[in-house]
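Per-entry structural report
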Amino acid sequence: MFNPIKKIIERVKKLNSSVNEYKKDTIIQSLPSLTYVNRAKKLIDKGMLEQAESILREALELPQQDALVYKYLGLVCEKQNKFDLAEEYFVQSAKLNPQDKIIWQKLGFTYISLKKYEQAQKAFENANKIQAGNTDNYTGWGMSLLRQNKFTEAHEKLETATKLDKYNLWALFLCAVTEIKLQMYDEADAKLSFLTKVSPNVANFVEYAHLKLLKKDYENASYHAGKAVSLNPEFLPAYTLLGEIYTNMYDRENSLKQFEIANEKGLKTFDFYFHYGRALNRFEKYSRAKEMLLKAYEINPEPVYADLAVCLAMLDEDASQYINSAPEKTSLAQGIIQYKSGDYEKAVKLLKSCEETALSNYFLAKCYEKLGNISKAGEYYEASVTKYSGMAVIDYINYLISRENYDTARLKLRKALKNNKDDVKLLNLMFFVNYKLAKDNVCEYNIKEALASAEKIENPDLFEYPELKQELTELMRFQN
C-alpha cells in the first residue's frame with residue numbers, strides 16, 4: 001500500500017502548490033482550471049509552447065472538464081503544427097461550449113490543414129451561425145469550398161469576406177484564384193494588380209503571372225514570374241512557371257534554362273516534370289522529354305497521355321499503351337504515326353481533329369506535300385513556322401527551294417536565324433539560297449552576301465557547298 005499512499009500525498013502537495021499559483025493568477029475561486037489556462041496563456045505569449053502544453057495537461061486531471069483548457073491545448077498544438085491533436089482538442093472544446101464564437105473557426109482552419117474540407121465547411125457554417133458577418137469565417141468557408149472545387153460557391157463566400165473587410169488581403173487573393181478558375185479573368189486581373197502593388201509578395205506575383213499566361217500576355221507573365229523569383233530564389237515553382245511562359249513564347253534558350261535551374265535545385269513535382277517534358281517536346285529534344293514525361297506519368301497519368309504519346313511517336317517507339325488509354329486525347333500522336341506509315345489521308349483526318357499546334361500544322365503540310373496538294377502544303381508550312389524554328393523551318397525551306405521560291409526562302413531563313421544565329425543547317429541553307437539568287441541576278445552585292453553567309457559557318461568541315469562557294473569566288477573576280 002506504500003506506493004498508492006505516497007502518490008496520494010504527492011498529489012495533495014501538487015494541488016496545494018497549484019492553489020498557491022492560482023491565487024496569484026486569478027480571483028475567480030470557483031474555477032480552479034482557469035488558473036492553469038491563465039498561466040498557459042502567459043507562456044504561449046512568450047512562445048514557451050511545450051511548457052504551456054504541460055500545464056494545460058495538468059488541468060485535464062481536475063474533476064471538471066473545462067472547454068477553455070481544451071481550447072488552449074488546441075491552440076498550442078496548432079502552433080506546433082500538430083493538427084491531429086489540435087482537431088481532437090478543438091472538437092472536445094466545441095462539445096463542451098458549442099456557443100464559443102472562436103472555437104468553430106479554429107476547428108475549421110484545422111480541418112483545412114488536415115485536408116478535411118467537407119468538415120471544415122460545416123465548421124465555418126457553425127461559426128457563422130454563432131457570429132454572423134465575420135470576415136475570417138467567410139474566408140475559411142470560401143477556402144474550404146475552393147478546395148472542393150466548388151468554385152461558384154467559394155467565390156460567393158470570398159467576395160462576402162472582402163466586402164466585410166476590404167483590407168482582408170488573403171480573402172482578396174483567394175477570390176482572385178476562384179475567378180481564374182471561373183475564367184473571370186478581368187475581375188481577377190484587377191484584384192491581382194492591386195495586390196502586387198499593396199502586398200508585393202511571391203504568392204501574388206506568381207498568381208498574377210499565371211493569369212497573364214492564361215491570357216496569353218507572355219511579356220507581362222514573364223515579368224511577374226521574374227519578380228517572384230527575385231523576391232525568393234528558392235521558391236522553385238516560379239521557375240517552372242517561367243519555363244512554361246518562355247515555352248509559349250518559343251524562347252528555347254530561356255525556357256530550358258529555367259527548367260534546368262529548378263532541376264538543379266531538386267524540384268520533383270508533377271507540374272515540373274510535366275511542363276519540362278512539354279517544353280522538351282516542343283524544342284525537339286524527345287529523348288529527354290520522354291524521361292521527364294514518364295516521371296510525370298508516375299505521379300498523375302491522365303494529363304500526360306497526349307504529350308507522352310507524341311514524344312514516343314516522334315521517337316518511332318510504341319505509343320499504343322497511351323493511345324489505347326486515351327484515344328480521344330492522342331489524335332496528334334495517331335496522326336504522326338499514320339503519316340510515318342504512309343497513310344496520308346487518314347493522317348490528315350486525325351491531325352485536323354486535334355488542337356491546332358505548330359506540330360500538327362507541320363505534319364499536315366508534310367501530308368499535303370506527299371499528296372501533291374501544293375497550295376495546302378504551303379499554307380500549313382506557313383502556319384507551322386509563324387513562331388517556331390525547329391525542323392518545320394528546315395523542311396519548309398527545302399519545300400520552297402524545290403518550288404524555286406528563293407526570295408521567300410531567304411525571308412524565312414532570316415527570321416529563323418534571329419533566334420538561332422549559329423544553327424549550321426540554317427546557315428548552309430542560307431548560303432545555298434543566296435547562291436541561287438546570286439546566279440539568277442549576278443552582281444557584286446548578291447555575290448558578297450552569299451559569300452558572307454558562308455563565312456558565318458566557323459567550322460569549314462560543316463560547310464556543305466565548297467564547290468559552289470568556289471564558283472562564286474571566281475565570279476567575284478570577274479566583277480572586279
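It should be emphasised that the depicted structure is a prediction, and the values quoted were computed from it without experimental measurement.

Conventions and cut-offs
Residues numbered from 1 in each chain as written. Predicted model: local features only at pLDDT ≥ 70, side-chain atom pairs only at ≥ 80, totals over all residues. Heavy atoms only, no water. Helix = DSSP H or I, 4+ residues; strand = E, 2+ residues; numbered from the N terminus. Rg over C-alpha atoms; globule rule 2.2 N^0.38 Å. Areas by Shrake-Rupley, 256 points an atom, 1.4 Å probe, with all protein chains shown as cover. Lys, Arg positive; Asp, Glu negative; His and termini not counted. Charge placed at Lys NZ, Arg CZ, Asp CG, Glu CD. Salt bridge = Lys/Arg side-chain N within 4 Å of Asp/Glu carboxyl O. Phe/Tyr/Trp six-rings, centres within 6.5 Å; stacked < 30°, edge-to-face > 60°. Buried < 20%, exposed > 50% of the residue type's maximum accessible area, 1.4 Å probe, protein only. 1 Å grid on protein atoms, 1.4 Å probe; cavity = no way out; pocket = protein on both sides within 12 Å on 5 of 7 lines; lining within 4 Å. Points joined across faces, edges and corners; volume = space filled by probe spheres on them. Nonpolar A, V, L, I, M, F, W, Y, C, P; charged D, E, K, R; others polar. Expected span 1.5 Å × (residues − 1). Contact = heavy atoms within 4.5 Å. Polar contact = N/O pair within 3.5 Å; in protein donor to acceptor, adjacent residues only side chain to side chain. Core = buried A, V, L, I, M, F, W, Y, C linked by side-chain atoms within 4.5 Å. Axes fitted to C-alpha atoms, helices over the stretch in contact; angles between N-to-C directions. Parallel < 35°, antiparallel > 145°, perpendicular 65-115°, else oblique. Left-handed = near helix turned anticlockwise from the far one by under 90°. pLDDT = per-residue confidence, 0-100.

1. Some thoughts on the overall build of the protein chain
Within the protein chain one finds 28 helices and zero strands. Since a compact globule built from 480 residues should have a radius of gyration of about 23 Å, the 34 Å found for the protein chain marks it as more spread out than a globular shape. Taking the principal axes of the C-alpha coordinates as reference, the protein chain spans close to 120 × 55 × 50 Å. Entry remark: accessible area of the protein chain is about 25,300 Å², with carbon and sulfur atoms responsible for 49%. Distance between charge centroids for the protein chain: 6 Å, based on 67 positive and 66 negative side chains.

2. Examining the pattern of salt bridges
The tally for this structure, following the rule as stated, stands at 25 salt bridges. Close ionic contact of Glu 53 with Arg 57 constitutes a salt bridge, the shortest N to O distance being 2.9 Å. With Glu 53 and Arg 57 both in helix α3 (residues 49-59), this residue pair falls four residues apart, about one helical turn. For Glu 449, the salt bridge goes to Arg 410, with nearest N and O atoms at 3.6 Å.

3. Structural notes on the packing of aromatic side chains
Summed over all chains, the structure comprises 24 aromatic pairs. Their ring planes at 15 degrees and their centres at 5.6 Å tell us that Tyr 368 and Tyr 380 sit as a pair that is stacked. Of the two residues, Tyr 368 is situated in helix α22 (residues 358-371) and Tyr 380 in helix α23 (residues 374-384); the sequence distance between them amounts to 12 residues. The same class applies to Tyr 368 and to Tyr 380, which are both buried. Pairing Tyr 396 with Tyr 399 gives two aromatic rings, centres 6.2 Å apart and planes at 25 degrees, and the pair type is stacked. Remark: Tyr 399 and Tyr 396 occur in helix α24 (residues 391-402); sequence separation between them is three residues, near one turn of the helix.

4. Remarks on the layout of surface pockets
Roughly 1,300 Å³ of internal volume is contained in the largest pocket. As for the largest pocket, its lining consists of 36 residues, of which Arg 278, Arg 282, Glu 355, Glu 356 and Thr 357 are closest to the centre. Mapped by element, the contributors of at least two residues to the lining of the largest pocket are α12 (202-214), α14 (237-248), α16 (270-282), α18 (305-314), α20 (331-341), α22 and α23. Of all the elements, α16 adds the most residues to the lining of the largest pocket, at six residues. Residue classes in the lining of the largest pocket are distributed as 16 nonpolar, 10 polar and 10 charged.

5. Some words on helix α13 (residues 218-231)
The end-to-end C-alpha distance of α13, which contains 14 residues, comes to 20 Å, matching closely the 20 Å that a straight helix rising 1.5 Å per residue would cover. Among the residues of α13, Tyr 218, Ala 221, Ser 222, His 224, Ala 225, Ala 228 and Val 229 are the ones counted as buried. Close packing links the buried residues of α13 with α12 and α14.

6. Side note on the environment of Glu 87
Tracing the backbone shows Glu 87 in helix α5 (residues 83-96). It is 9.9 Å that separates the C-alpha atoms of Glu 87 and Ser 113, two residues lying 26 residues apart in sequence. Sequence-distant contacts of Glu 87, that is, excluding residues within four places in its chain, are made with Leu 107, Thr 110, Tyr 111, Leu 114 and Lys 116. A polar contact is formed between the side chain of Glu 87 and the side chain of Lys 116, at a distance of 3.1 Å.

7. A closer look at the nonpolar core
Counting 100 residues, the largest nonpolar core has Val 304, Ile 336, Leu 359, Phe 363, Phe 431 and Leu 472 as its most contacted members. Judged by nonpolar contacts, the second largest core, of 54 residues, contains Phe 90, Leu 107, Phe 124 and Ala 161.

8. Concerning unusual backbone geometry
At Lys 216, a residue that is not glycine, the phi angle is positive and equals roughly 65 degrees. You can see Lys 216 is positioned in the loop between α12 and α13. Overall, Lys 216 belongs to the exposed group, its relative accessible area being 63%. For Asp 316, which is not glycine, the phi dihedral falls at a positive 60 degrees. Note on placement: Asp 316 falls in the loop between α18 and α19 (320-325).

9. Re the environment of Lys 116
Among the structural elements, Lys 116 can be located in the loop between α6 (103-113) and α7 (117-130). Overall, the relative accessible area of 27% leaves Lys 116 in the partly exposed class. Residues Lys 116 and Lys 436, spaced 320 residues apart in sequence, show a C-alpha to C-alpha distance of 71 Å.

10. Considering the packing of helix α15 (residues 252-264) against α16
Viewed as axis vectors pointing N to C, α15 and α16 meet at an angle of 150 degrees, and their least axial separation amounts to 10 Å. As judged from the angle between their axes, α15 and α16 are roughly antiparallel. Along this stretch, α15 crosses α16, giving a crossing that reads as left-handed. Judged by residue contacts, Ser 255, Leu 256, Phe 259, Glu 260, Ala 262 and Asn 263 of α15 engage Phe 272, His 275, Tyr 276, Ala 279 and Leu 280 from α16. For the contact of α15 with α16, a count of residues per class yields seven nonpolar, three polar and one charged.

11. Focus on the confidence of the model for the protein chain
The predicted model of the protein chain averages 90 in pLDDT, with 92% of residues at 70 or higher. Considering each helix and strand of the protein chain separately, the mean pLDDT is smallest for helix α1 (residues 2-25), with a value of 42, and largest for helix α17 (residues 286-299), with 98. Segment residues 1-9 is flagged for pLDDT under 50; beyond a separation of four residues in sequence, or across chains, it makes zero contacts in the model.

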